[in-house]
Amino acid sequence: MGHPVAHARTSQAMNALFERNGLDAVMVPFDVPGGGSGALSGGAVNVMRRVGEDAFAGDMPDGEGFVAGLAAAGHSVAGRRICIVGAAGAASAIAVALVEWQPAKLTLINRSRERLMALHERLRLRFPDLEIVIGEHVGGHDLVVNATSLGLREA
């Protein structure tokens, strides 16, 4: 559930995985302008599963998948200086996943000051021992993550 979702290929990959493993499951993308903020409470969610007659559980595996991709490509996070550009749902998920692997420093950059400050505060509260700063430049980092919507626009 989000907006936009037309570019996402996750449902095709997951449905093929479900079929290969004989699981009675299907992933269906829902394009909800505004990202579903009126439909959900409790934060960013892009994967939901039914857990009862009238209930769903949600998660956002973007961050874990991102870090797994880094590891598969031979890049470590521990002890690195990392900069994340963006502060919306995917950026938040990636930031949390990266922080759990103990980087030396995390720098946040975003156009919207309000979103930037909100992400900074959430991370500082959850990870008080890590140096988490607000920045303006990507230089001086070992890893720079583009978690903005820039790549979602058609050319």
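Here, every reference points to the structure presented above.
Model, not experiment: these values are computed from the prediction.

A. Quick look at the sheet that holds strand β5 (residues 131–134). Within the open sheet, the four strands sit side by side as β5-β4-β3-β6. Their pairing is parallel. A single partner strand is all that each edge strand has here, and the edge strands are β5 and β6 (143–146). Within the sheet, the average angular offset between the axes of one strand and its neighbour, ignoring direction, is 20°. Note: strand β4 (residues 105–109) against β5, four bridges, orientation parallel. The partner of lysine 105 across the bridge, within β5, is glutamate 131. Of the strands in this sheet, β3 (81–85), β4 and β6 are in contact with helix α3 (residues 89–99), which crosses β3 at around 170°.

B. Fine view of the pattern of salt bridges. Under the criterion given, the structure shown has three salt bridges. In this structure, arginine 80 and aspartate 142 form a salt bridge, with 3.9 Å as the shortest nitrogen-oxygen distance. Remark: aspartate 142 occurs in the loop between β5 and β6 and arginine 80 occurs in the loop between α2 (62–72) and β3; sequence separation between them is 62 residues. Residue arginine 80 is classed as partly exposed on the basis of its relative accessible area, which comes to 27%. Judged by relative accessible area, which is 32%, aspartate 142 ranks as partly exposed. Measuring nitrogen to oxygen at the nearest pair gives 2.9 Å for the salt bridge that ties arginine 81 to aspartate 142. Of the two residues, arginine 81 is situated in strand β3 and aspartate 142 in the loop between β5 and β6; the sequence distance between them amounts to 61 residues. When salt bridges that share partners are traced, they join Arg80, Arg81 and Asp142 into one network.

C. Examining the nonpolar core more closely. Membership of the largest hydrophobic core comes to 23 residues, with the highest contact counts inside it found for Ile84, Leu98, Leu106, Leu108 and Leu123. Residue assignment for this core shows that the elements contributing at least two residues are α2, β3, α3, β4 and α4 (113–126). Among the elements that make up this core, the one with the highest residue count is α3 (seven residues). Here leucine 123 is in contact with Ala95, Val96, Leu106, Leu108 and Ile132, once residues within four sequence places are set aside.

The rules behind these values
- Residues numbered from 1 in each chain as written.
- Predicted model: local features only at pLDDT ≥ 70, side-chain atom pairs only at ≥ 80, totals over all residues.
- Heavy atoms only, no water.
- Pairing = 2+ DSSP bridges.
- Helix = DSSP H or I, 4+ residues; strand = E, 2+ residues; numbered from the N terminus.
- Axes fitted to C-alpha atoms, helices over the stretch in contact; angles between N-to-C directions.
- Contact = heavy atoms within 4.5 Å.
- Salt bridge = Lys/Arg side-chain N within 4 Å of Asp/Glu carboxyl O.
- Buried < 20%, exposed > 50% of the residue type's maximum accessible area, 1.4 Å probe, protein only.
- Core = buried A, V, L, I, M, F, W, Y, C linked by side-chain atoms within 4.5 Å.

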